[in-house]
Structures are given as structure tokens and as C-alpha cells.
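Understanding the architecture of this molecule
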Amino acid sequence: LSILQVRSAEHEHLENPSTFEEPGAADGRGIGIRGGAFRGIVAFNEDDVESLRERGWNPDEADGILLVIENPIPDEIPLILSVDGLLAARGGSTSHAAVAVHAIEDRPYSAVLGVEQLRVGKGQARVIRAEGAAPVEIRTGDIVSIHGQTGDMYVGTRALKQISDEEAADIPDPEMEPA
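Values in this document were obtained by computation on a predicted structure and should not be read as measured data.

Quick look at helix α1 (residues 46–55)
Every buried residue of α1 is listed here: Asp48, Val49 and Leu52. The buried side chains of α1 occupy one side of the element, clustering within an arc of 100° when seen end-on. Residues Glu46, Asp47 and Glu54 are exposed on α1 and point more than 90 degrees away from its buried face. Buried residues along α1 sit against β4 (37–43), β5 (64–69) and α2 (77–82). Between a side-chain oxygen at the N-terminus of α1 and the backbone nitrogen of Asp47 the separation is 3.1 Å; the capping residue is Asn45. At the C-terminal side of α1, Gly56 shows a positive phi close to 80°.

Listed below in C-alpha cells is the structure:
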């Protein structure tokens, strides 16, 4: 006897109609899981999250705390749900983390998973860029911008632009783009 867990992967893809004004070339691209444009102050663990909450951040540069992890696991779901955004090097649209963030109904949340250019270690991350270009280091307290619909990630802050629901529908979904 085999039992197969089945779950619907159909979710409203953009709850927060915002995008970046002129973001430039993305530093990495993964699978947009939820939300729109989000500028997050980077945390790698629970201690970072607590410290950043106490310290605060400039709302003109960041929208909240972005948890950056290598591979989301079920034990990390409470931490993932305690922040405002998630960026992970591994994971996909049907992972435990993706299902958990889709269940958040009381606030905006943005998430991008499966960014193959991202390498996450203890208390730091690296973005591996095109051949010959030096990797970009990311540390606790740095700002990384993600787009939960397109799956794009950018090191640093980007200017936000609120958009209408019609404009949001025109943002390309990387999962639907031809290969």
C-alpha cells in the first residue's frame, strides 16, 4: 500500500501589486512563490531576526526582514512565517516552505525559492555571477530585493512602484516563459 500526498499548487500569485521601477539586470533568478516587489533586510537565523527587529531599518530602503536560507526544511517553518519575506537557494513551488507562505492570509509576504546563483553559508551568502565576474557577498543587515512573481533577486535596494491589478497581470511569470 502506498499513500501519495496531494496538494493543489494553484494559488493567487500576486497579493501585493507592486514592482520595481527600473531594477536593472537581476543578480539571480528563482521561482517566484508569492508577493510582488519586496526589499528586505537580510537575516540568516532566529538571532539575526531578533536583533534586526530591535535595531529596526530605514523604511525608504527596506520593507521588512528577509530570511535567506540554503534549503528550507519543515523545522524552519515557524521562523519562515515570523519574517516578511523568504529567499532560498533551493526549494520549489510545492515545497513545505512554499505551501506554508501561501497560507499566510493576514499580511503581505514575498518569497523566491530555487535561486541557483545563491550559495548560503553560516551568517553569509554569495551570489555567483557570470563567468569572470566576482561573486557578491551578502551579510546580515544587508538589503536584498526580490520579486515574488518574477522570481528575480537583486543585491541592494530598488525603488518601488505600485501598479494596478491589470498591470500586475502583465508581469511575465517565469514559469510560463518558453524555454
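There is more to say after this.
What to know about the sheet that holds strand β3 (residues 31–34)
If you trace the 8 strands from one edge of the open sheet to the other, you get β2-β12-β11-β4-β5-β6-β7-β3, paired in mixed fashion. Edge strands, defined here as strands with exactly one partner in the open sheet, are β2 (28–29) and β3. Against the sheet, α1 touches β4 and β5, its axis set at about 110° to β4.

Notes on the nonpolar core
One finds Ile65, Leu67, Ile80, Leu86, Val101 and Tyr109 to be the most contacted residues of the largest nonpolar core, which totals 24 residues. Counting residues per element, the ones that place at least two in this core are β4, α1, β5, α2, β6 (85–88), α3 (96–102) and β7 (110–113). For this core, the element with the highest residue contribution is α3, accounting for 4 residues. Setting aside residues no more than four positions away along its own chain, Val101 makes contact with Ile33, Arg34, Ile80, Leu81, Tyr109 and Ala111. With 18 residues, the next largest nonpolar core counts Ala89, Val112, Ile138 and Ile146 among its residues.

Digging into a negative patch on the surface
A cluster of acidic side chains, namely Glu46, Asp47, Glu50 and Glu54, defines a negative patch on the protein surface. Among the secondary structure elements, Asp47 is positioned in helix α1.

Focus on the pattern of salt bridges
Tallied over the entire structure, the rule returns 5 salt bridges. Residue Asp63 is joined to Arg39 by a salt bridge in which the shortest nitrogen-to-oxygen separation is 2.8 Å. Residue Asp63 is located in the loop between α1 and β5, and its partner Arg39 is located in strand β4; the two are separated by 24 residues in the primary sequence. We note a salt bridge from Asp106 to Arg107, for which the minimum N-O separation is 4.0 Å.

What counts as what
- Residues numbered from 1 in each chain as written.
- Predicted model: local features only at pLDDT ≥ 70, side-chain atom pairs only at ≥ 80, totals over all residues.
- Heavy atoms only, no water.
- Buried < 20%, exposed > 50% of the residue type's maximum accessible area, 1.4 Å probe, protein only.
- Helix = DSSP H or I, 4+ residues; strand = E, 2+ residues; numbered from the N terminus.
- Arc of directions from axis to C-beta.
- Contact = heavy atoms within 4.5 Å.
- Polar contact = N/O pair within 3.5 Å; in protein donor to acceptor, adjacent residues only side chain to side chain.
- Pairing = 2+ DSSP bridges.
- Axes fitted to C-alpha atoms, helices over the stretch in contact; angles between N-to-C directions.
- Core = buried A, V, L, I, M, F, W, Y, C linked by side-chain atoms within 4.5 Å.
- Patch = residues over 30% accessible without salt bridge, like charges linked within 9 Å, V, L, I, M, F, W, Y side chains within 5 Å.
- Areas by Shrake-Rupley, 256 points an atom, 1.4 Å probe, with all protein chains shown as cover.
- Salt bridge = Lys/Arg side-chain N within 4 Å of Asp/Glu carboxyl O.
- Lys, Arg positive; Asp, Glu negative; His and termini not counted.
- Charge placed at Lys NZ, Arg CZ, Asp CG, Glu CD.

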